[in-house]
Amino acid sequence: MQRTKTAVGSIAILLVILIGSLFFITLSTTVHATLFRELTNAVPLQQRQIVDSAVVQFLQHRKSLSAELFTDREIAHMGDVRGIFDGLGLLWFAAVALLTPFIHSRTLHNRSVYKILRGALVLLPLLAVSAIFFFEPLFVTMHELLFHNDYWQLDPTVSVLIRVYDEIFFQTFAGLWFAIVWFALVCIVWLLHKNLEKEQ
């Protein structure tokens, strides 16, 4: 029973960090604006910000995508993307709900959870390095697994999405996501380590 609680609690912590940080980066036009200013792109900065604002508001269910700005294929693809984000949002809330009683009961203050999260802390940089060297095949495989159609295969000559969110943007995005997740794990592992020291 204790092993099950440990596993569930550890997975819940990882899901809260992974999904929460992904949502923070994806839905923050401020973060995107910083990336746009720093990264070279053929699309003018103002147009990139207009497209980005429309995409973020669409993912937040605040506005529909305009047919004047996006093609039918892009709109269909972004509908699929929003569906995935909606599912991730539900998963994040479920993870938080699972985690709450563990925190109140201090069930997570044990050496097993500490070891699992410390292992994740070591594994994450290895995954990040792999993502750098194999970004394109991983990117394609991810899309093939997540989407049941080929709407994600957009033509860069007509797709504003491809031109705004190019490979350099996604590589930088992924690097920032890994960095935030790693920092959050460092903080949690450090806190667990301190609590374990006090209990000895």
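Since the model is a prediction, treat every value here as computed from it, not as a measurement. (Residues numbered from 1 in each chain as written. Predicted model: local features only at pLDDT ≥ 70, side-chain atom pairs only at ≥ 80, totals over all residues. Heavy atoms only, no water.)

Novice: Describe helix α5 (residues 111-133), and please don't skip the residues or the numbers.
Specialist: The terminal C-alpha atoms of α5 lie 34 Å apart, and with 23 residues this matches the ideal 33 Å at 1.5 Å per residue to within 8%. Looking at α5, one finds that the buried residues are V113, Y114, L117, A120, L121, L124, A128 and A131. (Helix = DSSP H or I, 4+ residues; strand = E, 2+ residues; numbered from the N terminus. Expected span 1.5 Å × (residues − 1). Buried < 20%, exposed > 50% of the residue type's maximum accessible area, 1.4 Å probe, protein only.)

Novice: So what about the packing of aromatic side chains? Which residues, and what values?
Specialist: Under the counting rule described, the total for this entry stands at 11 aromatic pairs. A centroid spacing of 5.3 Å and a plane angle of 50° characterise the contact between F139 and F170, whose relative ring orientation is tilted. Placement of F139 in helix α6 (residues 135-146) and of F170 in helix α8 (residues 167-199) is noted, with a sequence separation of 31 residues between them. Here Y165 and F170 contribute two aromatic rings whose centre-to-centre distance is 6.4 Å and whose plane-to-plane angle is 50°, an arrangement assigned as tilted. Ring-pair connections join several aromatic residues into one group, and the members of that group are F36, F135, F139, Y165, F169, F170 and F173. Sitting over the face of the ring of F58, R82 holds its NZ or CZ atom 3.9 Å from the ring centroid. (Phe/Tyr/Trp six-rings, centres within 6.5 Å; stacked < 30°, edge-to-face > 60°. Lys NZ or Arg CZ within 6 Å of the ring centre and 35° of its normal.)

Novice: Lay out the packing of helix α2 (residues 29-38) against helix α3 (residues 45-59) in plain terms, naming residues and giving numbers.
Specialist: A pair of packed helices is captured by two measures, namely the crossing angle of their axes and the spacing between those axes. Interaxial distance between α2 and α3 falls to 10 Å at its minimum, and their mutual angle equals 155°. Between α2 and α3, the interaxial angle falls into the category roughly antiparallel. For α2 against α3, the interelement crossing comes out right-handed. Where α2 approaches α3, its residues T29, H32, A33, F36 and R37 are matched on the opposing element by L45, R48, Q49, D52, S53 and V56. Across the contact of α2 with α3, the residue classes break down as four nonpolar, four polar and three charged. (Axes fitted to C-alpha atoms, helices over the stretch in contact; angles between N-to-C directions. Parallel < 35°, antiparallel > 145°, perpendicular 65-115°, else oblique. Left-handed = near helix turned anticlockwise from the far one by under 90°. Contact = heavy atoms within 4.5 Å. Nonpolar A, V, L, I, M, F, W, Y, C, P; charged D, E, K, R; others polar.)

Novice: Give a description of the pattern of salt bridges that names residues and reports values.
Specialist: Counting across every chain of the model gives one salt bridge. In this structure, D150 and R73 form a salt bridge, with 3.2 Å as the shortest nitrogen-oxygen distance. Remark: R73 occurs in helix α4 (residues 72-105) and D150 occurs in the loop between α6 and α7 (160-164); sequence separation between them is 77 residues. Assessed through its relative accessible area of 38%, D150 is described here as partly exposed. (Salt bridge = Lys/Arg side-chain N within 4 Å of Asp/Glu carboxyl O.)

Novice: Talk me through the environment of A95; I want residue IDs and the actual numbers.
Specialist: On the secondary structure map, A95 appears in helix α4. Its relative accessible area of 2% is what places A95 among the buried residues. Leaving out residues up to four positions away in the same chain, A95 has contacts with A12, L15 and V16.

Novice: Please give an account of the confidence of the model for the chain that cites residues and values.
Specialist: Of the residues in the chain, 94% have a pLDDT of 70 or more, and the chain-wide mean is 89. Looking over the chain, one finds the lowest element-wise mean pLDDT in α5, namely 87, and the highest in α3, namely 94. (pLDDT = per-residue confidence, 0-100.)

Novice: Any details on the nonpolar core? Residues and values, ideally.
Specialist: Judged by nonpolar contacts, the single largest core of 25 residues is most densely connected at V55, F70, M78, L161, V164, Y165 and F169. Considering each element in turn, this core owes the most residues, four residues, to α3. When sequence neighbours within four positions are dropped, the list of residues in contact with F70 reads V51, A54, V55, L65, I75, V160 and L161. (Core = buried A, V, L, I, M, F, W, Y, C linked by side-chain atoms within 4.5 Å.)

Novice: Pulling in residues and values, what's your account of a nonpolar patch on the surface?
Specialist: Taken together, the side chains of V129, I132, F133, F134 and L138 make up a nonpolar region of the molecular surface, amounting to roughly 560 Å² of accessible area. Among the elements that make up the nonpolar patch, the one with the highest residue count is α5 (three residues). (Patch = residues over 30% accessible without salt bridge, like charges linked within 9 Å, V, L, I, M, F, W, Y side chains within 5 Å. Areas by Shrake-Rupley, 256 points an atom, 1.4 Å probe, with all protein chains shown as cover.)

Novice: How would you sum up unusual backbone geometry? Please name residues and give values.
Specialist: Non-glycine residue H61 carries a positive phi angle of around 60°. Along the polypeptide, H61 turns up in the loop between α3 and α4.

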